Amino acid sequence: MVFSRRPRQLREPFAYASKLGFRLFFLATLVFLYAPIILLMVFSFNDSKRNIVWRGFTTKYYVKAWENTGLVEAFINSLLIAVVSTIVSIVLGTLLALLLWRFRFRGKTLIEALSALPIVMPEICVGIALLVFFNRIGWPNDLPWPMNLSKIILAHITFTFPFVMLVLRARLVGFNPELEQAARDLGASQRQALFHILIPYLRPGLVAGGLLALTLSLDDFVITFFTAGPDSVTFPIKIYSLLRRGISPDINAASTVLILLTLLLAGVGVWWQTRMQKTTLYTANRPAVQ
Amino acid sequence: MLETPQETFQARPGLFLVSAVPPLLWLALLFFLPLFLIWGYSFGEKRGLIDIEVVWTLQNYADALDPVYVKIFFRTLFYTALTTAICLIIGFPVALVVAFADERWKPFLLLLIVLPFWTNLLIRTFALMRILGRKGTINGILEKLHGSLDAALQFLGFAGLGTFQAVPMLFNHFGVVFGLVYVALPFMVLPLYAALERLDKSHLEASLDLGAGQIRTFLFVIVPMTATGIVSGLIITFIPTLGSFLTPDLLGGPDSAMIATIIARQFGDANHWPFGSAIAWLLVYVTFFLLALQAVFTARRESRLRQAGERATGQEHGAAA
């Protein structure tokens, strides 16, 4: 009995996920993906300049990174750029998603293809194109503090809002237009129908798209590198210039802070989305009564 | 699927304009106009330190055929092809595990693959520098192993291994390809997973029941049925890798320059904007070509599948009559 059951089980369910070899391979891939990042975070607390041997726990490199005013300024710049460009991206992305979902017009397929182009275009090409563009129109280089980040913000909005648009279009596929119609029949104005029916339905998409835009903006190096002026430094640009001079432990500390920040954002995103999906299931997404 | 409202401009002109003008104007001004501008510059000539005149010359494109640059193009192509191939070899088993995992675990496993993608690219590259360097983690471990092995051999009376030589893994071709694979792997896994997820598992059971082995089922059932996903994965990995700038810059040595390195140099030290614009547009053309290739492949496959479906239903009707 025992012998006759085993071979059939192995053949039938095609269970790749439960085969030892596949599991080990998957685990090895995770080690490959995570070990460098985890080691970086762990060794940011190491009391030694060398990064292999553990010499005891310290937070002195965090203090050192904090006292590095250039690094802190760059961090604040990055956050400001990310927040402003995310807000504008959400507005532009929502408008574009609504346009492509709601309307039928000539050249729609072309507009759809063109508006996804910033996502696939090589970053280096977008970066130098914007460099040449800002140079050509004579955008001033010596503006006072928050305004000197304007070029970077404009550039970030350009490559983030198509992502927001894609996330929202995926969400709109599941929206039942009869709901909006019902609201109108019950006496809601177009504005009310938009703000009380459609926008609440879109909220998980808005949060997901916004977090994506925020991360993409915080993350960007190449396009920022070409649009930043000499005195507008972002966090990745600062890290890059420090790295060119050699690896030092305070870069570990600063990097760890940013990793934890993005992990927090991703965590909030996942948590919020599962929560929203649960609640919207009973409000906007309910199928119309036949 | 739910129907989408198909309103026309005439029905809601106000809403149409409000939702169309800002985003499309933004794209036109800050994306297409700049790209068009460097397209013009690529036919231009340098007249002074910063003066450029568009004279519709092809000289910049001809300059790109210089053996120095052709060598870099081929190197870029080689790096990218190798990276894509390695990603496919690693990515397929990984995608299989996720796609065939228990439903409860799937979102979690997928999240594990995608999460590094949310970490800053520069920080990930820096993390690799710490691992691969002469005094990095891997060489540290190797040095320890070397030391213990050396001591053991000497204890047993053999000649020692001599002093430890660090394995060069950074600032060379190995470092660049390692970094490119590290960055691009999630790009490959996601489309493969999506294709495997859609796969009708009863076909696999049928193949096994009819006597094909696991390997034959993989090669003649899984691979052809997920071909669209494989092609998407290859192209989605290939395009960003082709335009990589940071990875060769930080992990490569003096002979690891890629296309983006040349472009960046023309806008930095070399200060030759028309030539840089020409190379950038060569990269854009290659990107367009690859996207078109993917679109054609997907369309042809879908039409073939539809034909096969129609034939099958036609035969059913014939049998019924």
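Residues numbered from 1 in each chain as written. Chains lettered and ligands numbered in written order. Predicted model: local features only at pLDDT ≥ 70, side-chain atom pairs only at ≥ 80, totals over all residues. Heavy atoms only, no water.

Another aspect to go through is the packing of aromatic side chains. Tallying each qualifying case throughout the model produces 32 aromatic pairs over all chains. Note on Phe117(B) and Phe187(B): the rings are 5.3 Å apart at their centroids and 85 degrees apart in plane angle, and the pair reads as edge-to-face. Pair noted here: Phe117(B) is in helix 4 (residues 106–118) and Phe187(B) is in helix 7 (residues 173–198), with a separation of 70 residues, a long-range link. Note on Phe117(B): relative accessible area 33%, which makes it partly exposed. Taken together, the ring pairs connect Phe221(A), Phe225(A), Phe226(A), Tyr240(A) and Phe245(B) into an aromatic cluster. (Phe/Tyr/Trp six-rings, centres within 6.5 Å; stacked < 30°, edge-to-face > 60°. Helix = DSSP H or I, 4+ residues; strand = E, 2+ residues; numbered from the N terminus. Buried < 20%, exposed > 50% of the residue type's maximum accessible area, 1.4 Å probe, protein only.)

This part is about the domain arrangement of chain B. Splitting chain B by domain gives domain 1 (57–133 + 170–320) and domain 2 (139–168). The gap between the C-alpha centroids of domain 1 of chain B and domain 2 of chain B is 40 Å. (Domains from an automatic or database assignment.)

In this section: the interface of chain A and chain B. Many analyses report the size of an interface as the accessible area lost when the parts associate. The partner chain B presents 92 residues to the 86 residues of chain A that form the contact. For the pair chain A and chain B, the summed buried surface comes to about 8,600 Å²; carbon and sulfur atoms form 77% of the total. Among the ionic pairs, Asp249(B) bridges to Arg244(A), the shortest N-O distance being 3.8 Å. Our enumeration of links across chain A and chain B arrives at eleven residue pairs in polar contact (both at pLDDT 80 or more). Looking at which element gives the most residues to the side of chain A that touches chain B, the answer is helix 2 (residues 20–43) of chain A, with 13 residues. (Contact = heavy atoms within 4.5 Å. Buried area = accessible area lost by both parts, 1.4 Å probe. Salt bridge = Lys/Arg side-chain N within 4 Å of Asp/Glu carboxyl O. Polar contact = N/O pair within 3.5 Å; in protein donor to acceptor, adjacent residues only side chain to side chain.)

Residues and elements named next belong to chain B. Positive phi values are uncommon outside glycine, yet Trp56 reaches one of about 55 degrees. Looking at the element boundaries, Trp56 is found in the loop between strand 2 (52–54) and helix 2 (59–63). Overall, the relative accessible area of 55% leaves Trp56 in the exposed class. Despite not being glycine, Asn271 has its phi angle at roughly 50 degrees, a positive value. We classify Asn271 as partly exposed; its relative accessible area is 22%.

Moving on to the confidence of the model for chain A. Looking at chain A, pLDDT values average 84 and 88% of them are 70 or higher. Scored below 50 in pLDDT, residues 281–290 of chain A shows nine contacts in the model against residues more than four places distant or in partner chains. (pLDDT = per-residue confidence, 0-100.)

As a further point, take a nonpolar patch on the surface. Residue and element names in this part refer to chain B. Side chains of Phe9, Leu17, Val21, Leu25, Leu29, Leu33 and Phe36 sit close together on the surface and give an oily, nonpolar patch of about 630 Å² of accessible area. Along the polypeptide, Leu29 turns up in helix 1 (residues 13–41). The exposure class assigned to Leu29 is partly exposed, which follows from its relative accessible area of 44%. (Patch = residues over 30% accessible without salt bridge, like charges linked within 9 Å, V, L, I, M, F, W, Y side chains within 5 Å. Areas by Shrake-Rupley, 256 points an atom, 1.4 Å probe, with all protein chains shown as cover.)

Bringing the layout of surface pockets into the picture now. The calculated volume of the second largest pocket comes to roughly 480 Å³. As for the second largest pocket, its lining consists of 21 residues, of which Phe225(A), Phe226(A), Ala264(B), Phe267(B) and Gly268(B) are closest to the centre. Where the lining of the second largest pocket is concerned, the elements lending two or more residues are helix 7 (123–136), helix 12 (222–227) and helix 13 (235–244) of chain A together with helix 12 (259–266) of chain B. A class-by-class count of the residues in the lining of the second largest pocket yields eleven nonpolar, five polar and five charged. (1 Å grid on protein atoms, 1.4 Å probe; cavity = no way out; pocket = protein on both sides within 12 Å on 5 of 7 lines; lining within 4 Å. Points joined across faces, edges and corners; volume = space filled by probe spheres on them. Nonpolar A, V, L, I, M, F, W, Y, C, P; charged D, E, K, R; others polar.)

On to the nonpolar core, then. Counting residues in each nonpolar core, the largest one holds 152 residues, and the members touching the most others are Ile124(A) and Ile263(B). Core analysis: the next-biggest nonpolar cluster, separate from the first, contains five residues, Leu211(A), Leu214(A), Leu218(A) and Leu265(A) among them. (Core = buried A, V, L, I, M, F, W, Y, C linked by side-chain atoms within 4.5 Å.)

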